[in-house]
Amino acid sequence: MNAYRELKQAVIDACLTLQAMGYIIGTYGNASARVPEGLIVTPSRVDYATITPDDMMVVSLDGQVLDGHRIPSSETSVHRLIYNARPDVGAVLHTHSLYASAASCLHETIPVIVEEQSQVIGAEIACSEYVPAGQHLALGQVVAKALGGSNGVLLANHGSVACGRDVADALFAAQVLERVAQMYLLTRAAGSPVPIPDEHVRSERDRWLYKYGTMADGTVAQS
Ligand SMILES: [Zn+2]
């Protein structure tokens, strides 16, 4: 089973990076990437240190196992329902990172409070309603709904999901999400966060996607 070997390895590498950063402990957490027939997703209860591309599972967007000899992640519904709802998403990462998990216990929406959030997450970070992790389909439904058009969402009393156009994009979103959650908790402890106005969130997201790092960004004085 050699299909998508590089992409499978990229997903595994993202999990190892998340584990090294402390975002994933044990086998709590899972990751996926979109492929034409559905998604490739990490297997259930296999130690990330030992996973190889052969352990990765291929699942259709309606939940059928298409390839692989393991059991897909128990939270595969979270991934596939996001891909169903968001054609722009190419990779999804779910972690139980410390600050995002702590923020998820407040059942609050994190407003857009810093520029990297407007650029990379692109919106508020809502919190889904609480669903026990064992209720897989219901969890996927509330998470996809709460995510909306954002690239980050909190799972109440559980963790978070970050997504992006590809694995690298989603990995960066996961890091920004965790940092925003930390900043939100710090700000909440000190006072009341003042959000960035909507029009600036939209313009920063647009700048990040289409202008940042190019001459169109106006970093060089035009005469
Ligand atoms: Zn989880």
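Check the entry above for the structure.
So, a few notes on the structure that sits alongside this text.

So, how was this worked out
Residues numbered from 1 in each chain as written. Predicted model: local features only at pLDDT ≥ 70, side-chain atom pairs only at ≥ 80, totals over all residues. Helix = DSSP H or I, 4+ residues; strand = E, 2+ residues; numbered from the N terminus. Rg over C-alpha atoms; globule rule 2.2 N^0.38 Å. Buried ≥ 20, exposed ≤ 12 C-beta atoms within 10 Å, placed from the backbone. Contact = placed C-beta atoms within 7 Å. Axes fitted to C-alpha atoms, helices over the stretch in contact; angles between N-to-C directions. Parallel < 35°, antiparallel > 145°, perpendicular 65-115°, else oblique. Left-handed = near helix turned anticlockwise from the far one by under 90°. Nonpolar A, V, L, I, M, F, W, Y, C, P; charged D, E, K, R; others polar. Core = buried A, V, L, I, M, F, W, Y, C linked by C-beta atoms within 7 Å. Pairing = 2+ DSSP bridges.

What follows concerns the overall build of the protein. Assigned secondary structure in the protein consists of seven helices and eight strands. A compact globule built from 223 residues would reach a C-alpha radius of gyration of about 17 Å, and the protein, at 18 Å, matches this within 12%. Reported as C-alpha extents along the three principal axes, the dimensions of the protein are approximately 60 × 45 × 30 Å. By the burial criterion, 41% of the 223 residues in the protein qualify as buried. In the protein, of all internal contacts separated by at least 6 residues, the share reaching a separation of at least 24 is 63%.

With that settled, the discussion passes to the packing of helix H1 (residues 5-20) against helix H6 (residues 167-190). Where H1 meets H6, the closest approach of the two axes is 10 Å, and the angle between their N-to-C directions is 15°. Compared by their axis directions, H1 and H6 come out roughly parallel. For the element pair H1 and H6, the recorded crossing hand is right-handed. In this structure, H1 uses Ala10, Val11, Ala14, Thr17 and Leu18 to contact H6, whose residues at the interface are Val167, Leu171 and Ala174. Grouping the amino acids of the contact of H1 with H6 by side-chain chemistry returns seven nonpolar, one polar and no charged.

A few words now on the nonpolar core. Judged by nonpolar contacts, the single largest core of 56 residues is most densely connected at Leu93, Ala170 and Leu177. Ranked by the residues each element gives to this core, the list is headed by H6, at 10 residues. Every residue in contact with Ala170, bar those within four places of it in the chain, is listed here: Ala91, Val92, Leu93, Ala162, Cys163 and Gly164.

Pairing between strand S1 (residues 30-35) and strand S2 (residues 38-41): four bridges, direction antiparallel. Looking at the pairing, Val35 lines up with Gly38 of S2. Counted between consecutive antiparallel strands, the loop separating S1 from S2 contains two residues. Here S2 runs beside strand S3 (residues 57-59); their pairing, made up of three bridges, is antiparallel. From the neighbouring strand, Leu39 faces S3, where its bridge partner is Val59.

A few words on the packing of helix H2 (residues 76-85) against helix H5 (residues 136-147). For the pair H2 and H5, the least separation of the axes is 8 Å and the interaxial angle reads 40°. The angle between H2 and H5 places the two elements in the oblique class. Here the hand of the crossing between H2 and H5 comes out right-handed. Between H2, through Ser77, Val78, Leu81, Ile82 and Ala85, and H5, the contact on the second element is made entirely by His136, Leu137, Leu139, Gly140, Gln141, Val143, Ala144 and Leu147. Across the contact of H2 with H5, the residue classes break down as nine nonpolar, four polar and no charged.

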